2 protein chains.
Amino acid sequence: MNIILLSGGSGKRLWPLSNDVRSKQFIKIFREETQAYQSMIQRIYRQIQSIDKDAVITIATAKTQVSAIHNQLGNDVNISVEPCRRDTFPAIVLATAYLRDVQGVSEDEAVVVCPVDPYVGDEYFQALMDLKVQAEKEEARLVLMGIEPTYPSEKYGYIIPEDKNAVSKVGTFKEKPNIETAERYIAQGALWNGGVFAYKIKYVLDKAHDMIDFTDYADLYAKYESLTKISFDYAVVEKESDIQVMRYNGDWKDLGTWNTLTEAMKENCIGNGVLDQECKNVHVINELDIPILCMGLKDVVVSASPDGILVSDKEQSSYIKPYVDKFVQDAKFAEKSWGSYTVLDVQEESMTIKVTLNPHQRMNYHSHEYRDEVWTVTAGTGKVIVDGVEQQVKPGDVISMPAGCRHTMIAETELQVIEVQLGKSIRASDKQKYELEDEF
Amino acid sequence: MNIILLSGGSGKRLWPLSNDVRSKQFIKIFREETQAYQSMIQRIYRQIQSIDKDAVITIATAKTQVSAIHNQLGNDVNISVEPCRRDTFPAIVLATAYLRDVQGVSEDEAVVVCPVDPYVGDEYFQALMDLKVQAEKEEARLVLMGIEPTYPSEKYGYIIPEDKNAVSKVGTFKEKPNIETAERYIAQGALWNGGVFAYKIKYVLDKAHDMIDFTDYADLYAKYESLTKISFDYAVVEKESDIQVMRYNGDWKDLGTWNTLTEAMKENCIGNGVLDQECKNVHVINELDIPILCMGLKDVVVSASPDGILVSDKEQSSYIKPYVDKFVQDAKFAEKSWGSYTVLDVQEESMTIKVTLNPHQRMNYHSHEYRDEVWTVTAGTGKVIVDGVEQQVKPGDVISMPAGCRHTMIAETELQVIEVQLGKSIRASDKQKYELEDEF
């Protein structure tokens, strides 16, 4: 099966665990039995591979997520990188061209597109395989998954099929309705539109050539910034008369708010926390290394990260966005392709961070114009290169790097470093990257 | 007025703001108008001085609190330091001897003893002056303050006076009763025993000489460890037949739990926090530098410090102790006589802390047997002395101190330093202190 996973925007609804650099799909809160915690993207990736070990999975995403994806899924994962955000039609076309031109998939094969963030059981992936098989039959140009509604939701668009068969022609699409209208739709056999569909590669590329002047993937990538922002629904689905919908009635949860996300948690507390006996329907997700004690709470979610602490009534948590928009701050924790960093302390003219470099990983060779830095190695071994001079390092070693000096570190074992940044204007953007000479 | 403030034990009921090294009286949460936040001890000390500018205030406390007291009240405050904890009778005798032998107060003067932690209005201090005047009249050997009960509390001992006059003889004392019994006591005119009383210095020293073989303050201090643990109530009050009680009906609050403490807060949030419109009777005290967002909560206290985070229903918060007893950890924030430190990061073989040294203050000259340390100066100026060699320091300077090396720092302006500790067994107890040569 060829599958394109759409790994979408940042989203602050799960603050403080999601922020401008970490989308909700990277939060590690799921686990089976006593295994390690997984994020949504790790969970869905593993699920696909366990259902179809030969699946060709391509993740369509923005540049800003590439580090986190490599960090969580390894370096062998296929990523169709959007150079900038241009909505779903350009993104899906780019990923489809990537499949043909980079992965060498035939234009006659079908591809399944689905978002990276539904919380689903294994039967969902069987349904994706069925969707692919249906698309290959070419009974219609596009085959959508229609999710059997479990309640009259106002959050989703609805698909009204022409009949109640497992596969049927689509009658009409309906925008997000109010509850009464949703009830009426459901009585008519309407299905939720979860943004899951399948098509033959040729179909979407032909559509794209009608609208965009490009030759192949590389050409499309090069001119991506000049493309018009337009959704796949608007550019393709709404204009296509020949669409089928296939019913899906398995587990499907949209974990977009703390209220829904905590429903999918297997235990009440992830991380360092204690709940007293009086707590009812309380969930704690704690990424800090200090304990959280909850006493006598009902229907509350507590979530803590280096970015902040949320304590919210579960229902109320869906109104979080305007509050979080007011928190003007840089993210205090970020996963990078080489490891991660956590901000420990911010002062007027200094910032202290903890850097963890994964084994055999390296940072970019870089310099800063407006700040000095001091590294104190606290664990692991590796080497640092400062202005072209290489040096082995071990715990206790200190490296001082004045502004302008070029530097990087390369881990042998996992390397932990306390970095003190000093200067009057400390900004993430103050970074110049350089190529390293071959000998390093 | 001579006054002994009893500054008691650590107490974990206000965790995470109180801990083994920081008692509740040092938490800064009170303020008038837009002034800086004050702790209980700062507030009561200031209140006494504003009512009686000539008051001779002596704080009776344990060694472990001396640093915090100097940090909050300055270095000129009189402290009667208990070398170890021996309950209230030895502590009050020691402080009384300190008044006579160190402060030079006459044995014929009266002294008022009161705990450091009631939350009271200025009229309370007028009542203390009245208590002292009453004690000087020598109508009785001991004069207690009896607080007019505002509800039938099970938390306090009761004093039953012989009549309902402003000053009367004490009939009997009653242990903490249940509610029904408390109601009966109150109907009889009973008063709360808040542990506030006055006596002539000679009276308590005579009592002490009957029970302890000592000559003066220095002698008592030297043999303090050998004294029997016994409370003042048990050793003196319960055996004394000649006691008066003076009624007090002003404001008096015992802020021993989060529930009662938050009632005394002038605003709903201290520190970095946001409460949505749906929050009712919610209080946030945040000593971390990350924001706390509260949504849709009712009757909840949220309190955060480098030691941990409490989220509790207010009523339920009084049952905190057994939970906190289970958190085995060193305090992550401490006030010292020279400034303060905050633990930023703890790893298996390293610990990173932020040290703030107040202007013109210095640490002890010391070394560590089992850990190396690295200082990176992030703000301020001063000097460091390492193995007898002095060096001026400024932001960006790095000092490496291998195990065994003697070191200290001395602030000119407020000095901020990131200290990385490295070693297999990092413990607060691994510290040897030395005298510094005179030239430094």
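Undergrad: Any chance you could explain the interface of chain A and chain B here in plain terms?
TA: Listed as interface residues are 55 residues of chain A and, on the opposing side, 54 residues of chain B. The interface formed by chain A and chain B holds two salt bridges in total. Across the pair B:Lys354 and A:Asp345 runs a salt bridge, and its minimum N-O distance is 2.9 Å. Summed over the shared surface of chain A and chain B, the number is 14 residue pairs in polar contact (both at pLDDT 80 or more). By residue number, the principal contributor to the side of chain A that touches chain B is strand β17 (residues 308–313) of chain A, which donates six residues. In this sheet, strand β15 (residues 292–295) of chain B lies alongside β17(A) in parallel orientation, the contact comprising four bridges. Pairing of A:Val311 across the sheet is with B:Cys294, part of β15(B).

Undergrad: Just checking my understanding: could you explain the sheet that holds strand β18 (residues 333–336) of chain B for this structure?
TA: Strands in a sheet are paired, the pairing made by backbone hydrogen bonds, and the direction either parallel or antiparallel. All names here are of chain B. With antiparallel pairing, six strands are arranged side by side in an open sheet as β18-β19-β20-β27-β22-β25. Where the open sheet ends on each side, the last strands, each with one partner, are β18 and β25 (398–401). Between one strand axis and the next, the sheet turns by 20° as a mean value, whatever way the strands run. Where strand β22 (residues 372–379) lies against β25, four bridges are found, and the strand directions are antiparallel. What sits directly across from Glu373, in β25, is Met401. Helix α2 (residues 66–73) rests against β18 and β19 (339–347) of the sheet, and its axis sits at about 70° to β18.

Undergrad: Help me understand the environment of B:Ser226 in this model?
TA: Residues and elements named next belong to chain B. Position of Ser226 relative to the elements: it lies in the loop between α7 (217–222) and α8 (232–235). Each C-alpha atom, one on Ser226 and one on Arg86, is 9.1 Å from the other, the two residues being 140 residues apart in sequence. Engagement of the side chain of Ser226 in a polar contact is seen with the backbone oxygen of Lys223, the distance being 2.7 Å.

Undergrad: Where do I start with the pairing of strand β16 (residues 300–305) of chain B in this structure?
TA: Every regular strand shows the same layout, with side chains that alternate between the two sheet faces. Residues and elements named next belong to chain B. Counting buried residues along β16, six of its six residues qualify, which places the element largely inside the surrounding structure. Along β16, one buried face is formed by Val300, Val302 and Ala304 and the opposite face, lined by Val301, Ser303 and Ser305, is buried too. Note that strand β14 (residues 283–286) and β16 share four bridges and pair parallel. Its bridge partner being in β16, Ile285 is matched across the sheet by Ser303. Pairing analysis gives six bridges linking β16 to strand β17 (residues 308–313), with the strands arranged antiparallel. In the strand pairing of β17, Ser303 is matched with Leu310. Remark: two residues form the turn of the hairpin made by β16 and β17, two consecutive strands paired antiparallel.

Undergrad: How should I be thinking about the relation of the copies chain A and chain B in this particular structure?
TA: Note that the two copies of the chain are related through a rotation about an axis and a translation along the same axis. With an RMSD of 0.1 Å, the fit of chain A onto chain B corresponds to turning through 179° and sliding 0.0 Å along the axis. The superposition operator between the copies reduces to a two-fold rotation axis. For chain A, the smallest separation between a C-alpha atom and the rotation axis is recorded for A:Leu344, amounting to 2.9 Å. Interface residue correspondence from chain A to chain B reaches 98%, placing this contact among same-surface, isologous pairings.

Undergrad: It is not clear to me how the sheet that holds strand β20 (residues 350–357) of chain A should be interpreted in this structure. Could you clarify?
TA: All names here are of chain A. The antiparallel open sheet is built from six strands, whose spatial order is β18-β19-β20-β27-β22-β25. Edge positions in the sheet fall to β18 (333–336) and β25 (398–401), since each of these pairs with one other strand and no more. This sheet shows a mean twist of 20° between the axes of neighbouring strands, independent of strand direction. One ladder, built from eight bridges, connects strand β19 (residues 339–347) with β20; its direction is antiparallel. By the bridge assignment for β20, Gln347 is matched with Ser350. Helix α2 (residues 66–73) contacts β18 and β19 of the sheet and is inclined by roughly 70° relative to β18.

Undergrad: Explain helix α4 (residues 122–137) of chain A to me, please; I cannot follow it from the model alone.
TA: Quick reminder: α-helices carry 3.6 residues per turn. Residues three or four places apart thus point the same way. Residue and element names in this part refer to chain A. The first and last C-alpha atoms of α4 sit 24 Å apart over 16 residues, in line with the 22 Å expected at 1.5 Å per residue. Residues of α4 that are buried: Tyr124, Phe125, Ala127, Leu128, Leu131, Lys132, Gln134 and Ala135. All buried residues of α4 project into a common sector of 165° when viewed along the axis, lining one side.

Undergrad: Please explain the pattern of salt bridges as it appears in this structure.
TA: Should their charged atoms come close, side chains of opposite charge can pair. Across all of its chains, the model carries 44 salt bridges over all chains by this definition. Note that B:Lys12 is salt-bridged to B:Asp325, the shortest N-O span being 3.5 Å. With B:Lys12 in the loop between β1 (2–6) and α1 (40–51) and B:Asp325 in helix α10 (residues 321–326), this residue pair connects regions lying 313 residues apart in the sequence. Judged by its relative accessible area of 37%, B:Asp325 falls in the partly exposed class. Residues B:Lys155 and B:Asp254 are paired through a salt bridge, measuring 3.9 Å at the closest nitrogen-oxygen approach. Placement of B:Lys155 in the loop between β6 (142–147) and β7 (157–161) and of B:Asp254 in strand β11 (residues 252–254) is noted, with a sequence separation of 99 residues between them. Using a relative accessible area of 22% as the deciding quantity, one classes B:Asp254 as partly exposed. Among the charged side chains, a network of salt bridges with common partners joins A:Lys12, A:Lys321 and A:Asp325.

What counts, and at which threshold
Residues numbered from 1 in each chain as written. Chains lettered and ligands numbered in written order. Predicted model: local features only at pLDDT ≥ 70, side-chain atom pairs only at ≥ 80, totals over all residues. Heavy atoms only, no water. Contact = heavy atoms within 4.5 Å. Salt bridge = Lys/Arg side-chain N within 4 Å of Asp/Glu carboxyl O. Polar contact = N/O pair within 3.5 Å; in protein donor to acceptor, adjacent residues only side chain to side chain. Helix = DSSP H or I, 4+ residues; strand = E, 2+ residues; numbered from the N terminus. Pairing = 2+ DSSP bridges. Axes fitted to C-alpha atoms, helices over the stretch in contact; angles between N-to-C directions. Buried < 20%, exposed > 50% of the residue type's maximum accessible area, 1.4 Å probe, protein only. Least-squares fit on C-alpha atoms with pLDDT ≥ 70 in both. Expected span 1.5 Å × (residues − 1). Arc of directions from axis to C-beta.

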